[in-house]
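Tertiary structure, described
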Amino acid sequence: MLSTSSAACPAAELEARLRLHRLPDIGPKGFHQLLQAFGSARAALAAPAAAWRALGRSPASIAAATASTSGPV
């Protein structure tokens, strides 16, 4: 089972989780869907747009995820 607790997460994973939380149209269910599908927030943000589309994510979410991989949280 995938843990969503931040107790033992490295700083880079915590930052990636914050970025996912801030994306439009994600919400708690979408956040957990992405973690389940990709294994980590870092992997979700690094995944290609086609993988996000396969999960039913909106174009706005995909574009925001691509843009969120650079810059401050």
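Here's a quick rundown of the structure. (Residues numbered from 1 in each chain as written. Predicted model: local features only at pLDDT ≥ 70, side-chain atom pairs only at ≥ 80, totals over all residues. Heavy atoms only, no water.)

Before going further, it helps to examine the packing of helix 1 (residues 11–21) against helix 2 (residues 27–38). Two elements in contact, helix 1 and helix 2, have axes whose closest approach is 10 Å; the angle formed by their N-to-C orientations is 135°. In terms of axis orientation, helix 1 runs oblique to helix 2. Here helix 1 runs over helix 2; the crossing is right-handed. Residue-level contacts link E13, R17, L20 and H21 of helix 1 to F31, L34 and L35 of helix 2. Partitioning the contact of helix 1 with helix 2 into residue classes produces four nonpolar, one polar and two charged. (Axes fitted to C-alpha atoms, helices over the stretch in contact; angles between N-to-C directions. Helix = DSSP H or I, 4+ residues; strand = E, 2+ residues; numbered from the N terminus. Parallel < 35°, antiparallel > 145°, perpendicular 65-115°, else oblique. Left-handed = near helix turned anticlockwise from the far one by under 90°. Contact = heavy atoms within 4.5 Å. Nonpolar A, V, L, I, M, F, W, Y, C, P; charged D, E, K, R; others polar.)

Within the secondary structure, L18 sits in helix 1. For L18, a relative accessible area of 46% corresponds to the partly exposed category. Along the primary structure L18 and A41 are separated by 23 residues, whereas in three dimensions their C-alpha atoms are 8.8 Å apart. (Buried < 20%, exposed > 50% of the residue type's maximum accessible area, 1.4 Å probe, protein only.)

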